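# Remarks on the overall topology
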Amino acid sequence: MESVTIVGAGVVGHASAVALRGLGYTGSITILGSERHRPYDRPPLGRGFLTGQTTIGELALEAPHEDLDADWRLGVGAVALDAAAHRVTLANGRTVDSDAVVLATGSAARRLGEPWHGVHTLRTVEDALALREELLPGARMVVVGSGVVGLEVASTAHDLGLQVTVLGSTTDSLCTTFGATVADAVFGLHRRRGITVRTDLRVAELIGPGWVSGVRLTTGEEIGADVVLLDIGAEPIVGWLAGSGLDLFGVDPGSADPGPSGSDRPAPDDRGAVLCDTVGATAVPGVVAVGDCAAWLDPVSGRHRRIPHWSDTRDRPGIAMAALLGVDPGAALAPITVTSHQAGALVQFAGRLHGDELLTIEAGSVNTGDLLAVYRRGDLPVAVLGIDQAVQVASWQARLAATAPTTTPTPAPDEPVRDASVRG
């Protein structure tokens, strides 16, 4: 193998190039990206970057003296792939041929209808810059969705002087992934800060037209807004792979409509992701997929799942690149970690969840906003979540890492976390 093309110049594309070099690969690397920016860290976009405290330079993922000896081609997206020939076609009509292709295109935020003025999603620097222009003191902001990104932006906007309302649902990621107890504790943080948080409802449509003036719920209730942030999930960026010869999760090759695939049916946010084995390899030799655009097989549950957690998108490329090069990937995946600053508190998670775990509160409480929740599968602790419990989370994280399985279980949202009685 003398040449590798990486499609996607974000955290996953960068981590893939780093892994290739770290594994001893000395051939050429071409990195293609639709954005004009070099790889940058996305989590701070909803926090310090919105306030102007963090600059684009401080988000850079490349180390100061890092030299991957790669050919960076930025600002032009890929529009087609001939997987068998390992040929990528760009929007400008040019093609890139190589011995192997790494798919790392990530995902795009789901929208609610056509784009309107005042309606935002948050995935890129440009998204953050556009949103920042409208975070004016006294403005009314509605956050549709109660995921981590939406809640972080809600907290930032409140601190900037906006009147913020969060509209959540029991299908939002915070509740489905971590359970109702944790969701209630996090919502309580925001309510105590003066943010309105409403749950168990759905937004039917935006009110306008042209420039948004509010949202309309399925009940008919209307809530006024000067600015709206949509945090309603994401979809893998795979449209450009039509006709590539790759299998997409839950998509019949002869149909454009994703559907069930036996017992391995895709969750809504997983549909269309590139179907991979346990190490990211596709059915086409020399083509692997990593990050938000890939659905890896979990050997424990026998199911495919997309894994959108930031720490996994950073860690999994090492396994996929080792598979591509035919070498031992080394250590197993570390526990997933999530760190979020919101409502004046530090929320931390470490571990891996199937979704059928038993949750117990080991310290603090929902009402005081300082809980420490431990997730167990049988008698085995598999994950921990803490709110302002940094010392305890660090202790549990070390314990989880020491007992982590060599397999890579992933969340199964149709099997919810169960809340047990409080311990301790």
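Look above for the structure.
Presented here is a report on the structure given in the accompanying data block. This one's a predicted model, so the numbers in the text were calculated from it and none came from an experiment. By convention here, each chain's residues receive numbers from 1 onward along its written sequence. Only residues with pLDDT of at least 70 are given local features in this predicted model, and only at 80 or more are side-chain atom pairs given and counted; all residues enter the totals for whole chains, interfaces and linings. As a rule here, side-chain values cover all heavy atoms of the structure and leave hydrogens and water aside.

Time to look at helix H4 (residues 148-159). With twelve residues, H4 extends 17 Å from end C-alpha to end C-alpha; this agrees with the ideal 16 Å at 1.5 Å per step. Relative accessibility decides the category of a residue: with a 1.4 Å probe and only protein chains considered, values under 20% of the type maximum give buried, values over 50% give exposed, and everything between is partly exposed. Put simply, DSSP marks the helices as runs of H or I at least four residues long and the strands as runs of E at least two long, and each gets a number from the N terminus on. Buried within H4 are the following residues: Gly150, Leu151, Glu152, Val153, Ala154, Ser155, Thr156 and Ala157. The first or second residue beyond H4 is Gly161, which carries a positive phi of 100°. Multiplying 1.5 Å by the helix residue count minus one yields the expected span of that helix.

What counts as a salt bridge is simple: a side-chain nitrogen of Lys or Arg found within 4 Å of a carboxyl oxygen of Asp or Glu. For the structure on display, the rule yields 16 salt bridges. With a shortest N-O distance of 2.9 Å, Glu62 and Arg38 are connected by a salt bridge. Note that Glu62 is positioned in the loop between helix H2 (48-51) and strand S3 (70-74) and Arg38 in the loop between strand S2 (28-33) and H2, a separation of 24 residues in sequence. Among the residues examined, Glu62 registers a relative accessible area of 21% and is labelled partly exposed.

Put simply, buried Ala, Val, Leu, Ile, Met, Phe, Trp, Tyr and Cys residues joined by side-chain atoms within 4.5 Å make one nonpolar core. Membership of the largest hydrophobic core comes to 95 residues, with the highest contact counts inside it found for Leu103, Met141 and Tyr375. Top element by residues in this core is helix H6 (residues 180-192). It accounts for six residues. Within the second largest apolar cluster, 14 residues are counted, among which are Val119, Val144, Leu167 and Val215.

Another aspect to go through is the side chain of Thr54. Tracing the chain through its elements places Thr54 in the loop between H2 and S3. If near-sequence neighbours (up to four positions away) are discounted, Thr54 is found in contact with Gly48, Phe49 and Leu59. Pairs of residues are marked as contacts when any of their non-hydrogen atoms sit within 4.5 Å.

Moving on: the pairing of strand S20 (residues 294-298). Along S20, four of the five residues are buried, which leaves the element largely enclosed by surrounding structure. Strand pairing is assigned whenever DSSP detects at least two bridges linking the two strands. Where strand S18 (residues 274-275) meets S20, two bridges bridge the pair, whose relative direction is parallel. Residue pairing in the sheet places Val274 in a bridge with Ala294 of S20. Judged from the four bridges that link them, S20 and strand S21 (residues 303-306) form a sheet pairing that is antiparallel. Its bridge partner lying in S21, Trp296 is registered against Arg305. Here S20 folds back onto S21, and the loop between the two strands holds four residues, one of which, Gly302, carries a positive phi near 75°.

Once that is clear, we can look at empty space enclosed by the protein. The method works on a 1 Å grid over the protein atoms by themselves. A cavity is a set of points holding a 1.4 Å probe that cannot get out, a pocket is an open set with protein on both sides within 12 Å along at least five of seven lines, and residues with an atom within 4 Å of a point line them. Grid points are joined across faces, edges and corners, and a volume is the space filled by probe spheres set on the points. Counting across every chain of the model gives two cavities of 30 Å³ or more. Volume-wise, the largest cavity comes out at about 80 Å³. Breaking the lining of the largest cavity down by element, the ones donating at least two residues are H4, helix H5 (173-178), strand S22 (336-342) and strand S23 (345-351). By residue class, the composition of the lining of the largest cavity is nine nonpolar, two polar and no charged. We call Asp, Glu, Lys and Arg charged. Ala, Val, Leu, Ile, Met, Phe, Trp, Tyr, Cys and Pro are nonpolar, and the rest, Gly among them, are polar.

Moving on to the packing of aromatic side chains. Ring geometry is summarised as follows: Phe, Tyr and Trp rings, the Trp one being its six-membered ring, pair when their centres sit within 6.5 Å, and such pairs are stacked at plane angles under 30 degrees, edge-to-face over 60 and tilted between the two. Under the criterion given, the structure shown has two aromatic pairs. Relative to Tyr375, the ring of Phe349 has its centre 6.3 Å away and its plane inclined at 75°; by these criteria the two rings are edge-to-face. With a gap of 26 residues between them, Phe349 in strand S23 and Tyr375 in strand S25 (residues 372-377) connect regions that are remote in the sequence. By the burial criterion, Phe349 is buried, and Tyr375 matches it. A network of ring pairs unites the aromatic residues Phe178, Phe349 and Tyr375 as a single cluster. One residue, Arg38, lies across the ring of Trp72, its end atom 4.3 Å from the ring centre. Lying across the ring of Phe49, Arg132 places its NZ or CZ 4.9 Å from the centre. Think of it as a cone above the ring: NZ of Lys or CZ of Arg counts as a charge over the ring if it is within 6 Å of the ring centre and within 35 degrees of the ring normal.

Whenever a pair of cysteine sulfur atoms sits within 2.5 Å, that pair is classed as a disulfide. For the coordinates displayed, the defined rule picks out zero disulfides. Counting only cysteine sulfurs, Cys293 is the nearest neighbor of Cys276, a cysteine outside any disulfide, at a range of 7.5 Å. Take Cys276: its relative accessible area is 4%, and that puts it in the buried class.

Here we take up the sheet that holds strand S15 (residues 222-224). One open sheet accounts for three strands, arranged S13-S14-S15; its pairing is antiparallel. The sheet is open, and its two borders are formed by strand S13 (203-207) and S15, each paired with just one other strand. Taking the axes of each pair of neighbouring strands and ignoring which way they run, one obtains an average angle of 25° across the sheet. Here four bridges tie S13 to strand S14 (residues 214-217), and the two strands are oriented antiparallel to one another. Residue pairing for S14: Glu205 is matched across the bridge by Arg216. Axes here mean lines fitted to C-alpha atoms, for a helix over just the part in contact, with angles spanning 0 to 180 degrees between N-to-C directions.

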